[in-house]
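# Structure at a glance
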Amino acid sequence: MKATPCFITLAVLRKMALVLVFLLFSTHPAWARLSVDADILGQVLQEAHALFADDTEGANADYIPELARVPSELFGLALVTVDGQVFIAGDADYDFTIQSVSKPFTAALVLQEHDDPEILVEKVGVEPTGLPFNSVLAVELHASRSVNPLVNAGAMAAVSLVPAESDMERFSKIKQFHEAMAGQELSVIEEVYRSEAATNQGNRAIAHLLKKYGRIYADPEEALDVYTRQCAIGVTARVLAMMGATLANGGVNPISKEQVLEARHVPKVLALMLTAGFYDESGRWAYDVGLPAKTGVGGGIVAVVPGKLAVAAFSPRLNQAGNSVRAMRAIEYVSQRLGLGLFQ
Ligand code: DON
């Protein structure tokens, strides 16, 4: 009987210790990051929009003539959480061309269709080039030729690896995969497709150079055309954020709940985005923001926070590397404000 008071005291002490540990961890910044308050997400998005609303640095892409005609002042932001909450600010529903933001999704489709992570390593490459997205020099410099699926050479090689009997089947598989990622139907913006198809001699040269080196796996003209169509798929900031959230959610679309991409392929796609998503600015982006992300010359960027959310931004004015100045700044702001960087 004498042991009872001592036993009760120990139990109470144990409970107090547990409460103390919980309080300590729940106020530690690293722990707090795991459960960002939903109310603040929309607020931070609005802050980012207001902060950069007057930022006019950079210029529309004009090497695809139709892109020069997109109103430069458009600015939209969207954030989608893995549990399907959507927050938007500004022109989040304006339809623009996905351009290179499509590249990681087609790379994901290749992984899925071949059910083998080595397919990209062996047939395309997974190293950053340190050179611009349309570099012909990179094809000559690197033994892998196409170098990685996020530059134009590697993206066309990836398109050629989508198993298909015809160009129509190839494009329809790519489009359907993008649609499943987005959880909605998407359409090609035909004027931009035609505009790029009429002016893409640089990409045509790259496709044929890859053919010379045996590093494109379909007819180069077909791969070029399907790639050009893929780049002209219309998206919005809201759609891009949903596609990113599907990656953040282990390949499951947060709304449709479809397992679009097998979970084991997701880290491979995110690794490519972190190391090559901004071309010759990828190191700087990883250094400043520390999130896998992908840019496109249409002005879109999507950044993925694995297990939590995705943020997308759209603003047509680009810097010299072909990355949207204001979209980069807005996403960096959101990431810093919410402490989202992976290496913090
Ligand atoms: O092939 C091209 O040049 C374009 N369709 C896509 C390039 C692109 O988006 C580069 N991104 N920042």
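Everything quoted here is computed from the prediction, not taken from an experiment.

Reading the values: the criteria
- Each chain has its residues counted from 1, following the order in which its sequence is written.
- Only residues with pLDDT of at least 70 get local features here, since the model is predicted, and only at 80 or more are side-chain atom pairs given and counted; chain-wide, interface and lining totals rely on the full set of residues.
- Based on all heavy atoms of the structure, the side-chain values leave hydrogens and waters out of the count.
- Confidence of the predictor in every single residue is expressed as pLDDT, which spans 0 to 100.
- Each helix corresponds to a stretch of at least 4 residues labelled H or I by DSSP, and each strand to a stretch of at least 2 residues labelled E; elements are numbered beginning at the N terminus.
- By definition in these notes, contact holds between two residues if any of their heavy atoms fall within 4.5 Å.
- Every helix has an expected span of 1.5 Å times one less than the residues it contains.
- Note on classification: 1.4 Å probe, protein chains only; a residue is buried when its accessible area is under 20% of the maximum for its type, exposed when over 50%, partly exposed between these limits.
- Definition of a polar contact: a pair of N or O atoms within 3.5 Å, with one able to donate and the other able to accept a hydrogen when the atoms are protein atoms, and with sequence-neighbouring residues admitted only if both atoms are side-chain atoms.
- Ring geometry is summarised as follows: Phe, Tyr and Trp rings, the Trp one being its six-membered ring, pair when their centres sit within 6.5 Å, and such pairs are stacked at plane angles under 30 degrees, edge-to-face over 60 and tilted between the two.
- Here, a charge over a ring means that NZ of Lys or CZ of Arg falls within 6 Å of the ring centre while also lying within 35 degrees of the ring normal.

## Focus on the confidence of the model for the protein chain
Residues with a pLDDT of 70 or more make up 90% of the protein chain, whose mean pLDDT is 92. Taken element by element, the protein chain is modelled with least confidence in helix H2 (residues 29-32), mean pLDDT 37, and with most confidence in strand E4 (residues 234-235), mean pLDDT 99. The low-confidence segment residues 1-7, where pLDDT is below 50, has 0 contacts with residues more than four positions distant or belonging to other chains. pLDDT under 50 marks residues 15-34. Its contacts with residues more than four places away, or in other chains, come to 9 contacts.

## Describing helix H12 (residues 237-248)
With 12 residues, H12 extends 16 Å between its outermost C-alpha atoms, agreeing within 8% with the 16 Å of an ideal straight helix rising 1.5 Å per residue. For H12, the tally of buried residues reaches 11 of 12 residues, placing the bulk of the element in the interior. What H12 keeps buried is the set Ala237, Val239, Leu240, Ala241, Met242, Met243, Gly244, Ala245, Thr246, Leu247 and Ala248. With its phi angle positive at about 65°, Gly250 sits one or two positions after the end of H12.

## Details of the side chain of Thr228
Looking at the secondary structure, you find Thr228 in helix H11 (residues 220-231). Within the local environment of Thr228, its side chain forms a polar contact with the side chain of Asn200, the two groups lying 3.2 Å apart. Ignoring anything within four residues of it in the chain, the contact list for Thr228 reads Tyr193, Glu196, Ala197 and Asn200.

## As for the packing of aromatic side chains
What the rule picks out here adds up to 6 aromatic pairs. Taking the centre distance of 5.7 Å and the plane angle of 5° together, the rings of Tyr94 and Phe314 count as stacked. Taken together, the residues span a long stretch of sequence, with Tyr94 in the loop between strand E2 (86-90) and strand E3 (96-97) and Phe314 in strand E7 (residues 309-314) at a distance of 220 residues. When the centroid spacing of 4.0 Å and the interplanar angle of 0° are considered together, the rings of Phe96 and Phe314 count as stacked. Taken as a pair, Phe96 in strand E3 and Phe314 in strand E7 lie far apart in primary sequence, 218 residues in all. The pair Phe96 / Phe314 is uniform in exposure class, with both members buried. Three or more aromatic residues joined by ring pairs form one cluster here, namely Tyr63, Phe133 and Tyr279. Positioned above the aromatic ring of Tyr213, the side-chain terminus of Arg145 is 3.8 Å from the ring centre. Just above the ring of Tyr193 sits the side chain of Arg229; from NZ or CZ to the centre is 4.2 Å.

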